[in-house]
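So the chains spell out like this:
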Amino acid sequence: MYNTIRLAIACDHTIIRKAISDLLSRSQELKVIIDVSNTAELLKNLDSDDNPDVLLFAPSVYEKESLSQIRYHHPHIKVIVMLMQFEPYMANDLLELGIHGYLSKRADTTELLQAINAAAVGMVYQNKTLTDTLNWRANHPLPPNAIQQQLTFTENQKKILQLLWREKSTKEIANEVFLSTSAVDKIKQQLKEATGTKTTLGLIKYAIEQKIILL
C-alpha cells in the first residue's frame, strides 16, 4: 500500500499552474492540497494544520527571500523550485537553503514525477542542473576573507559522503559501512558540525569542493 504524497503548487502563471495541477492530479499516488498564485497565499495556507509533503515553487522571477522564509518557517516541507532558466548563482543560493530539486518549467512529466518522488523521501533530485551547479561551485573558490577549514576525514567518513552523493538511504549506507543506522546518523551530524554545513546537500557540496567526491 503506497502513501499518498501531498503537494502544494505555487505559480503565478495561471495556465502553467493549472496544467501542472491537472497533470499531477491524475496520479493516485499524488494529491494536490494547495494550489495558489503567489507567496502570500502560499504562506497563509502553510500556516494551517494541513501541510504538504512537497512544494512545487514556480515563480516567474527568482525569489530567494520568499524561499528563505518558507524554509525557515516550514523546514519539514521538501521544496522543488521550477524556473524558466537557472543561473549558477541562483542554484547555488538554493543549495544553501536545502532545496530538494531544481527543474526547468520545460521539464517533462517523467522528470517532474521523479523529482517529486525523490523529494518526498528526503532525497535531492539529481539532474544536469544540480551537477552543473556543483561543478560551478567547485570551480569558484570562496573569497579570501572566508574561512575554509581543511579537515582530515576517515575512510568511513569519506565512504559515507560518497554514498550520500549516490542517493543511498541511511539503511543502505549502514549496510555498506557495517554500522548501525544510528551510528551513520551520528557521523552525518558530526560531519555537518565539523564542516559548518546545515543540510546533507551542503555537506555534499563541501565534499565536492574538497575533492572527496569526484564528479
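Along each chain, residues carry numbers from 1 onward, in the same order as the chain's sequence is written. Since the coordinates come from a predicted model, pLDDT governs what is reported: local features require at least 70, and pairs of side-chain atoms require 80 or more to be given and counted, while whole-chain, interface and lining totals use all residues. Excluded from the side-chain calculations are hydrogens and water; all other atoms, namely the structure's heavy atoms, are used.

Trainee: Please explain the nonpolar core as it appears in this structure.
Mentor: Most often, soluble globular proteins have nonpolar side chains that are buried together. Residues grouped as a nonpolar core are buried Ala, Val, Leu, Ile, Met, Phe, Trp, Tyr and Cys residues, joined through side-chain atoms within 4.5 Å. Think of it in three bands: residues with accessible area under 20% of the maximum for their type are buried, residues over 50% are exposed, and the middle band is partly exposed, with areas taken using a 1.4 Å probe on protein chains only. Counting 44 residues, the largest nonpolar core has L42 and L55 as the members making the most contacts within it. Top contributing element to this core by residue count: helix α10 (residues 200-209), with 6 residues. It only takes one pair of heavy atoms within 4.5 Å for two residues to be counted as in contact. Leave out the neighbours within four places in its chain, and L42 touches A8, A10, I34, V36, L55, F57 and I70. In this structure, L24, I80, M82 and A118 belong to the second largest nonpolar core, which totals 19 residues. Working definition: helices are DSSP H or I runs of at least four residues, strands are E runs of at least two. Numbering for both runs from the N terminus.

Trainee: Can you walk me through the sheet that holds strand β2 (residues 30-36) in this structure?
Mentor: Strands in a sheet are paired, the pairing made by backbone hydrogen bonds, and the direction either parallel or antiparallel. Pairing is parallel across the open sheet formed by 5 strands, whose spatial order is β2-β1-β3-β4-β5. In this open sheet, the two edge strands, each paired with only one partner strand, are β2 and β5 (101-104). For this sheet, the mean inter-axis angle between neighbouring strands, taken without regard to orientation, is 20 degrees. Here helix α1 (residues 14-25) sits on the sheet and contacts β1 (5-11), β2, β3 (54-58) and β4 (78-83); the angle it forms with β2, its principal contact strand, is near 165 degrees. In this description, strands pair whenever DSSP reports at least two bridges between them. Throughout, an axis means a line fitted to C-alpha atoms (over the contacting stretch in the case of helices), and angles, computed between N-to-C directions, take values from 0 to 180 degrees.

Trainee: How should the pairing of β2 be read in this particular structure?
Mentor: A regular strand places its side chains so that they alternate between the two faces of the sheet. With 6 bridges connecting them, β1 and β2 associate as parallel partners. Within β2, the position partnered with L7 by the bridge is V32.

Trainee: Is there a simple way to explain unusual backbone geometry in this structure?
Mentor: Peptide bonds are mostly trans, and most non-glycine residues show a negative phi. If you check the backbone angles, E167 has positive phi at about 65 degrees while not being a glycine. When you line up the elements, E167 lands in the loop between α7 (155-165) and α8 (170-177). Among the residues examined, E167 registers a relative accessible area of 29% and is labelled partly exposed. With a phi angle near 65 degrees, K211 is a residue other than glycine that sits in the positive phi range. Assignment of secondary structure puts K211 in the segment after α10.

Trainee: Got a minute to help me understand the environment of L83 in this structure?
Mentor: When you line up the elements, L83 lands in strand β4. Sequence spacing of L83 and K105 is 22 residues, and the spatial spacing of their C-alpha atoms is 5.5 Å. Ignoring any residue separated from it by four or fewer positions in sequence, one finds L83 in contact with P59, V61, Y62, M90, L103, S104 and K105.

Trainee: Just checking my understanding: could you explain the pattern of salt bridges for this structure?
Mentor: Between side chains of opposite charge, pairing is possible as soon as their charged atoms come close. Salt bridges, as used here, are contacts in which a Lys or Arg side-chain nitrogen is within 4 Å of a carboxyl oxygen on Asp or Glu. If you walk through the whole model with that rule in mind, you get 4 salt bridges. For D35, the salt bridge is made with R17, and the minimal N-O distance between the two is 2.6 Å. Of this pair, D35 sits in strand β2 while R17 sits in helix α1, and the two are 18 residues apart along the sequence. Under the relative-accessibility criterion, R17 is labelled buried at 8%. A salt bridge links K158 to E155; the nearest nitrogen and oxygen atoms lie 3.8 Å apart. Of this pair, K158 and E155 both sit in helix α7, separated by 3 residues, roughly a single helical turn. Judged by relative accessible area, which is 29%, K158 ranks as partly exposed.

Trainee: Just to check I follow, could you spell out the packing of α1 against helix α5 (residues 109-120) for this structure?
Mentor: Helix packing for two helices is described by the angle between their axes and how far apart those axes are. Closest axis-to-axis distance for the α1/α5 pair is 12 Å, and the angle between their directions is 70 degrees. On the basis of the axis angle, α1 is roughly perpendicular to α5. Listed contacts from α5 to I20, L23 and L24 of α1 are T109, L112, L113 and I116. In this count, Pro and Cys sit with the nonpolar residues alongside Ala, Val, Leu, Ile, Met, Phe, Trp and Tyr, while Asp, Glu, Lys and Arg are called charged and the others, Gly among them, polar. Split by residue class, the contact of α1 with α5 holds 6 nonpolar, 1 polar and no charged. Throughout this description, any angle smaller than 35 degrees is read as roughly parallel, any larger than 145 degrees as roughly antiparallel, any in the 65 to 115 degree range as roughly perpendicular, and the remainder as oblique.

Trainee: Explain the environment of I20 to me, please; I cannot follow it from the model alone.
Mentor: As for its position among the elements, I20 is in helix α1. Residue I20 is classed as buried on the basis of its relative accessible area, which comes to 9%. C-alpha separation for the pair I20 and L112, spaced 92 residues apart in sequence, amounts to 9.5 Å.

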